[in-house]
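Notes for the structure review
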Amino acid sequence: MKMKKNKFNKIFSLKCIVNGEKIERDIDSSLTLLGFLRNDLNLKGTKEGCGDGECGACMALVSGKAVNSCIMMAVQAHGKSVITIEGLKDKNKLHHIKKSFIDEGAVQCGFCTPGMIISAQALLKTKPKANIKDIKEALSGNICRCTGYEKIIGAVKKCAKG
Amino acid sequence: MFPDLIVKPLSLKELSKTLLSLPSDRKYLAGGTDLVVRANADIENSRYWIDISGLEELRYIKETAKSVLIGSQVKASELEDSRIIKKHLPTLLSALPHFASPSLRNMATLGGNCANASPSADLACALVSEEAYIALYLKGKKRKMLLKDFFLGLRKTALRKDELIWGFEIPKISHKGAYMKLALRSSFAISKIGIALSVRINQNKVEYLSIALVSVAPKIITAPKTCDFLKNKILSPEILDKAASIIQKEVNPITDIRSDGDYRRSMAGVLLKKAFKEVLK
Ligand SMILES: Cc1cc2nc3c(=O)[nH]c(=O)nc-3n(C[C@H](O)[C@H](O)[C@H](O)COP(=O)(O)OP(=O)(O)OC[C@H]3O[C@@H](n4cnc5c(N)ncnc54)[C@H](O)[C@@H]3O)c2cc1C
Ligand code: FES
Ligand code: FES
């Protein structure tokens, strides 16, 4: 994990909501959102793959929309609501998309899984009846090196209505 | 290199104060999808970034009787959802699914796509074909120019030091549009070549036409000779073949890691015909 250090130690007073919890912190303004989530908040579910916006391992929801947190600066989340894989819950039960990934055997090494589930959640929130084409499009920014995608697409399809 | 400091003005007033207080080695940060990648790759050297993503004044999609107005902070996904864009800017609408991935479309701004002046900027290309004007802002003053003239060369624009892209003004011209892109994969890849076609055809006659292309020259280009040839012609396979041979002479592609110059030149003609087929559907 690359840490982005600030020579001048110039701080930014960041206020945001992460997984429903109000966060107020003085942070290094040159920190990426990914660095902030993983290192400052210890939310290690969000992964760093490429660090360049290409693989989707780092995906989080900001104001309900999927973003690549590796190329977003933490200051850009100021005043916003952030949800990470840890924050996806169905009350006290395992989140239904997570359950579907397990049931369908859509997880191998698991590195891409948090990002895949975040993208799937963003899709199903806006299109609960998503078809296979919608699912492929929604996951087009998420790369998996293990599964060959079929099981992942199947797991998401099982969560879509109709 | 990541910056030493990022400041986040929340209004234009705060922005002018920021500009007075910050050392001059500075850059604007919009969606960050170019700037942060450059910082990660250690090819970005600016030490201060001004995060303009909180400037609500620059986040609008509106229409007047004659134009569509889009603020520079509008994200690609906000364009996809806009009723105004769907109604008036078919070429831009057609380019959106070809642009990066859904999550990048939630981040990348229209202003950033133009400021970057990449010869493969898809949205900027569609906007050139839509005959857009760009509005620039510096110290309380605005100026406006054709977007086509804003691009001066590879990564070079008419932007002055600290000048901000305010937004875009696109004339309402009744037309259909198509954006065609060839890349290494069918989605989520930078183009080998792309073409934006804005056209109005009446009883098979070309009444209005504007063409722009990416990745065939150091900057986004138009195709005036091809347009002149096709205007007021009745479309036929022979006429389109002739137009394809003209556009192949108008482009000036290079060979690089993504593609071969000759291939690109030949595909300019093929994509032109495909784009016509698409709008005639
Ligand atoms: C994985 C990946 C895939 C991509 N795929 C595509 C693609 O398919 N097609 C494509 O065209 N591009 C693509 N891009 C490039 C990029 O996403 C776009 O160019 C994007 O529109 C840039 O906008 P931004 O808001 O993120 O700009 P930023 O990164 O914030 O800024 C880019 C530059 O513009 C300047 N700037 C930004 N806004 C303004 C303003 N309002 N006034 C003055 N200067 C400003 C900044 O100072 C900076 O120098 C891709 C990028 C990545 C990482
Ligand atoms: S780590 Fe962010 S997209 Fe790969
Ligand atoms: S399960 Fe290993 S990368 Fe997807």
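Nothing here was measured: the structure is a model prediction, and the numbers come from that model. Within every chain, residues take consecutive numbers counted from 1 along the sequence as written. All chains are assigned letters beginning at A, and all ligands numbers beginning at 1, according to the order in which they are written. In keeping with the predicted nature of the model, local features appear solely for residues at pLDDT of at least 70, side-chain atom pairs appear and are counted solely at 80 or more, and the whole-chain, interface and lining totals rest on all residues. Hydrogens and waters are ignored; side-chain quantities use all the structure's heavy atoms.

1. Things to note about the site of ligand 1
What surrounds ligand 1 is a group of 34 residues, the closest being Y28, T33, D34, T109 and D122 of chain B. Proximity is defined per residue: any heavy atom of the residue falling within 4 Å of a molecule or strand makes that residue near it. More than one chain reaches ligand 1: its neighbouring residues belong to chains A and B. As used in this structure description, the phrase polar contact means that two N or O atoms lie within 3.5 Å; if the pair is within protein, one of them must be able to donate a hydrogen and the other to accept it, and residues adjacent in sequence are counted only when both atoms belong to side chains. Interatomic distance of 2.7 Å between a side-chain N/O atom of D122 of chain B and a nitrogen atom of ligand 1. Alone, ligand 1 offers 990 Å² of accessible surface; in the complex the protein occludes 93% of this. Counting only elements with at least two residues in the shell around ligand 1, the list comes to β2 (26-29), α2 (35-40), α7 (110-115) and β10 (164-171) of chain B. Three residue categories are used. Nonpolar comprises Ala, Val, Leu, Ile, Met, Phe, Trp, Tyr, Cys and Pro, charged comprises Asp, Glu, Lys and Arg, and polar comprises the others, including Gly. Grouping the amino acids of the shell around ligand 1 by side-chain chemistry returns 16 nonpolar, eleven polar and seven charged. For accessible areas, the Shrake-Rupley method is used with a probe of radius 1.4 Å. Any residue's cover is judged against the shown protein chains and nothing else. Helix and strand labels come from DSSP, where a helix needs a run of H or I of at least four residues and a strand needs a run of E of at least two; each type is numbered from the N terminus.

2. What about the environment of A243 of chain B?
All names here are of chain B. Position of A243 among the secondary structure elements: in helix α11 (residues 237-250). The classification of residues rests on relative accessible area computed with a 1.4 Å probe and restricted to protein chains. Under 20% of the type maximum is buried, over 50% is exposed, and intermediate values are partly exposed. Residue A243 is classed as buried on the basis of its relative accessible area, which comes to 0%. Here the alpha-carbon distance between A243 and F229, two residues 14 residues apart in the chain, equals 7.0 Å. Leave out the neighbours within four places in its chain, and A243 touches T226, F229, L230 and L272. The criterion used for residue contact is that any of the two residues' heavy atoms lie within 4.5 Å.

3. Some thoughts on the interface of chain B and chain A
The partner chain A presents 30 residues to the 29 residues of chain B that form the contact. Accessible surface is computed with a 1.4 Å probe, and the buried area is the amount of it that two parts give up when combined, taken over both parts together. Approximately 2,400 Å² of surface area, both sides summed, lies buried where chain B meets chain A, with 57% of it carried by carbon and sulfur atoms. Basic side-chain nitrogens of Lys or Arg form a salt bridge, by our definition, when they fall within 4 Å of a carboxyl oxygen of Asp or Glu. The interface formed by chain B and chain A holds one salt bridge in total. A salt bridge links R105 of chain B to E137 of chain A; the nearest nitrogen and oxygen atoms lie 2.5 Å apart.

4. Notes on the sheet that holds strand β7 (residues 141-146) of chain B
Residue and element names in this part refer to chain B. Note: two strands are recorded as paired if DSSP finds a minimum of 2 bridges between them. One open sheet holds the five strands; their spatial order is β4-β5-β10-β6-β7, and the pairing between them is antiparallel. Strands at the two margins of the open sheet, each flanked by one partner only, are β4 (61-63) and β7. The mean inter-strand angle of the sheet, taken between neighbouring strand axes irrespective of direction, is 20 degrees. Looking at chain direction, strand β6 (residues 133-138) and β7 are connected through six bridges and run antiparallel. Helix axes are fitted only over the stretch in contact, all axes being lines through C-alpha atoms; the angle between N-to-C directions runs from 0 to 180 degrees.

5. Some remarks on the domain arrangement of chain B
Split by domain assignment, chain B resolves into domain 1 (5-51), domain 2 (56-171) and domain 3 (177-280). Residue ranges assigned to each domain were obtained from an automatic or database domain assignment. The distance between the C-alpha centroids of domain 1 of chain B and domain 3 of chain B comes to 36 Å.

6. Examining the domain arrangement of chain A
Residue and element names in this part refer to chain A. Entries for chain A in the domain assignment read domain 1 (3-87) and domain 2 (96-159). The centre of domain 1, based on its C-alpha atoms, is set 22 Å off from the matching centre of domain 2. Taken together, the contacts link 16 residues of domain 1 with twelve residues of domain 2. With both sides pooled, the region where domain 1 packs onto domain 2 buries about 1,100 Å², and carbon together with sulfur makes up 70% of that total. The tally of links between domain 1 and domain 2 comes to zero salt bridges. Linking domain 1 with domain 2 are four residue pairs in polar contact (both at pLDDT 80 or more), by the criterion used here. Element by element, the count of residues in the side of domain 1 that touches domain 2 is highest for strand β3 (residues 59-62), at three residues. The class makeup of the residues in the side of domain 1 that touches domain 2 is eight nonpolar, five polar and three charged.

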